[in-house]
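Architecture and fold: a report
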Amino acid sequence: MRRGAGAAVVTAALSLSLALAFVFGAAPASAQQTAVIPLPAKIVPGNGAFAWSAATVIQVPRGQRDAKAAAGYLSDLWKRSNGITLPVLSYYARPAASAIRFEQHPGYGPEAYRLDVAPHRMTVSASSAAGLFYGAVTLWQLLPVGRKSGAIPAQTIIDQPRYSWRGLMLDSSRHFQSPAFVRRMIDWMAWHKLNILHWHLTDDQGWRLEIHKYPRLTSVGAWRIPAAVPGAAAPARYGGFYTQDEVRDIVRFAASRHVQIVPEIDMPGHAQAAIAAYPELSSLDAKPNLPVSNKWGVHSHLFNLEPSTFEFIENVLGEVLQLFPSHFIHIGGDEAVKDEWNASAAVQARARELDIHDAAALQTYFTQKIAQYLTAHGRRTVGWDEIMQPGLAADAVVMSWHGAAGAHAAAIRGNDSVLAPDPALYFDHRQSSLPAEPPGRLDVLSLEDVYGFEPHDPRLTDAQRRHILGVQANLWTEHMQTEQRVEWMALPRAAAVAEIGWSAQTRSWPDFLERLSSMSDRYRIFDLNYADSVYGIQQRFTRAADAIVVTMSNLPELRDAAPDAAIRYTLDGREPTAASALYAQPLEVAVGSEIRAATFIGRAQVSRTWNARLDAHTGVRRTSHELDLCGDGVGLLLEPRAARTSGDAPLAVDIMNPCWIYRDVDLGQGPQIAAAVSALPFNYELGQDAAKIRVGDNKTPAGELEVRVDGCDGRMLGALPLPPAVRAEIQAKLPAYRLPAIAGRHDVCLRFARPSLDPLWALDWVEIGT
Ligand code: TNX
């Protein structure tokens, strides 16, 4: 498997490679005092320090199983991060000069704990197993990783979470992750004190949970043929599912990490994979023979309302309840467009029988029936905010994704709710505008943006506010083809969610960023493919006579928080170090040079190394990342199937309007234009919106790349005909073309005129030169 965005990014113009191994110095001293994420509620400094080494022992009172479990967890983490095994001993076994104690006492809140660090002794006290566990997590974070001994400043930490729901949603339908990956995710969630894994197991593109009673759900529903451009050979089938044994194993592991898994079986929409397996579930009167979908977006297929379908769903949920002991069961409810229900004679007949007069009320009926089943089995229903309709059961939980409004409306009407708003906590957005980001939604959701999300709405009364259970970020995986990419999209943004969900309302971005450096050490030790975007380097190249001018900068969110962050670089092919040249102003370098750069804070390298070889194309050739998009329809970062001359960076494209602007080009000499393009499958369900996409305005059979000035409907300077899509799957370089000379500098618009929606064309790079 390819490494996601940590992979090499190679362009003809530049070869960018993110070195996977990089040397880091120590984190700043102040951050090491209490570099805990999420920030504890209260820290009281003490006198002296606790000295620890391989001679330190962990002690638990005899018979306290929860204390022993937390102690064992700490010992295990410590072994993994520092390579030393601290024995877990019974309390009074032997006096120790350096002892860590876990003690269970009454009087603490459900997840609360207290940690006393004193010379010779550290003590974790809590009432619950979770509290003891979180005490262990905090204690572990006080230890710098990789060391064999050290001292922790004396202090008392008194801590408890702000919210009881601190979640991440993992979409295993759009792309499948291995059981090992899911366990690994639960493992790192635990050391962020994240306690809910909402597991999105079914959707139009795949049913991922083995159900014994309905084997076709996985033998058929777990597999799809991925989309390809028209005429291309069909790709190999894609899919996978979790066996019930695997699920039980994951659930057991999650319990040991105090993570509750909330499974989601989406209904009545997002049901195409199930309907592909069992067409009788469909709302179409003529039962369809549907494939498992290979498209993204909102699909039209809904479950019908026959008693046999409810029986099917209840049988499925019966097995789900056996597997998942969670209080909460998520039944989706989102994006159920009612066209099929409105068009179906059978559904309409049912509606008349039930005396229900509109389709929205039918969904309410649907939700209520399922919620009653879950209530009868002692569980609470969770659904996306579309379930919030009159008559919703009082104990149902509303998960708000249409911004935060749904959660607040739910709280006002007395339903518990979870904030999982789009876009604020939607981790399918890229986290910076740097070309190193993997595919995803184009709008940037930076670490700082996530950190700045505030769940509290001051308009709520105290009683209403208690209905806000917490926060959750969602990892929708349409564009996360690999596990490494899921990790990149999740980390470190999950650390910000942890802090929003656990810590008090006051937050400081510079302080968080400082503490994150210690967390990043942990990510590295555990070999997690976390994003270092916040420390990334923006580069720009321009031509100056025979030389290339290289301009570099850190992102504003880093400059504001860490004014001492600096870019260091080399031009001799060596790795940059804390002693390398400090970047202070644009560099003029010769064609053929190689530049390597990284961000440093003090002596510590905080970004991966970025590297580019500058050649004749540098500063002339621009990739889709260096151009502007013409509009803001649905911006995505997409990855064509084939290798390209611009390397692996995904292409920035607005699927509603594949059109780019190259700003400020000198057209005085009638320059040559050359471009490389890629054909992508157009696999989006857009409903009515598809009609808004301009197609059919092509003049040659496969369409052309139009070159215009004075706006995208302005004067046409030329049109580069496209090859058949199948060839462009391997990237097509369009023949060079000389533009007419027009005086002055112009914004050049590049847009695709095409015969049909599929394929979608994307501009890989364009070069306008003499
Ligand atoms: C909307 S959020 C969806 C998902 C998509 C997501 C992409 C929600 C309840 N539905 O099906 O994956 O947007 O960002």
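Residues numbered from 1 in each chain as written. Predicted model: local features only at pLDDT ≥ 70, side-chain atom pairs only at ≥ 80, totals over all residues. Heavy atoms only, no water.

**A few points about the pattern of salt bridges**
Using the following cut-off: What counts as a salt bridge is simple: a side-chain nitrogen of Lys or Arg found within 4 Å of a carboxyl oxygen of Asp or Glu. Categorising residues by exposure relies on relative accessible area from a 1.4 Å probe, with only protein chains included: less than 20% of the type maximum marks a residue as buried, more than 50% marks it as exposed, and the intermediate range marks it as partly exposed. Only DSSP runs of H or I covering at least 4 residues are called helices, and only runs of E covering at least 2 are called strands; the numbering of each starts at the N terminus.
Taken as a whole and assessed by the stated rule, the structure comprises 39 salt bridges. Residue Asp 171 pairs with Arg 174 through a salt bridge whose shortest N-O separation is 3.0 Å. You'll find Asp 171 and Arg 174 in the same group, each marked buried. Arg 174 is the salt-bridge partner of Asp 203, the closest N and O atoms lying 3.3 Å from each other. Remark: Arg 174 occurs in the loop between strand 10 (165-171) and helix 4 (179-190) and Asp 203 occurs in strand 12 (residues 202-203); sequence separation between them is 29 residues. We note that Asp 203, like Arg 174, is buried. A single salt-bridge network, built from bridges that share partners, covers Arg 694, Asp 697, Glu 706, Arg 708, Asp 713 and Arg 751.

**Considering the side chain of Glu 487**
Convention followed: Contact criterion: two residues are considered in contact whenever any of their non-hydrogen atoms come within 4.5 Å of each other.
You can see Glu 487 is positioned in helix 15 (residues 483-490). Here Glu 487 falls in the buried class, since its relative accessible area comes to 3%. Those residues in contact with Glu 487, other than ones at most four positions away along the chain, are Phe 181, Arg 184, Trp 188, Asp 527, Leu 528 and Asn 529.

**Regarding the pairing of strand 9 (residues 150-159)**
The line we're drawing: Two strands qualify as a pair provided that DSSP identifies no fewer than 2 bridges between them.
With eight bridges joining them, strand 3 (residues 42-52) and strand 9 adopt antiparallel strand pairing. Each residue of the ladder has a partner; that of Ile 43, found in strand 9, is Ile 157. Summarising the sheet, strand 7 (residues 113-118) and strand 9 pair through five bridges and their orientation is antiparallel. Of the residues in strand 9, the one forming a bridge with Asp 116 is Thr 156.

**Here we look at the sheet that holds strand 24 (residues 537-544)**
The cut-off we apply is this: Structural elements are reduced to axes, namely lines fitted to C-alpha atoms, with helices fitted over the stretch in contact, and the angle between N-to-C directions of any two is expressed from 0 to 180 degrees.
Taken in spatial order, the three strands make up an open sheet running 24-25-28, and their pairing is antiparallel. If you trace the sheet from one side to the other, it starts and ends with strand 24 and strand 28 (587-590), each paired once. For this sheet, the mean inter-axis angle between neighbouring strands, taken without regard to orientation, is 30 degrees. As paired strands, strand 25 (residues 547-554) and strand 28 are joined by four bridges and run antiparallel to one another.

**Notes on helix 16 (residues 493-502)**
Of all ten residues in helix 16, ten are buried; the element is thus mostly enclosed. For helix 16, the set of buried residues is Arg 493, Ala 494, Ala 495, Ala 496, Val 497, Ala 498, Glu 499, Ile 500, Gly 501 and Trp 502.

**So, the nonpolar core**
Keep this limit in mind: Side-chain atoms within 4.5 Å link the members of a nonpolar core, which is a set of buried Ala, Val, Leu, Ile, Met, Phe, Trp, Tyr and Cys residues.
Counting residues in each nonpolar core, the largest one holds 147 residues, and the members touching the most others are Phe 102 and Trp 191. Once you skip the residues sitting within four places of it in the chain, Trp 191 turns out to touch Ile 37, Tyr 73, Leu 77, Val 137, Trp 140, Gln 141, Met 519, Arg 522, Tyr 523, Phe 526 and Leu 528. Val 229, Val 677, Tyr 684 and Leu 760 belong to the second largest nonpolar core, which has 44 residues in total.

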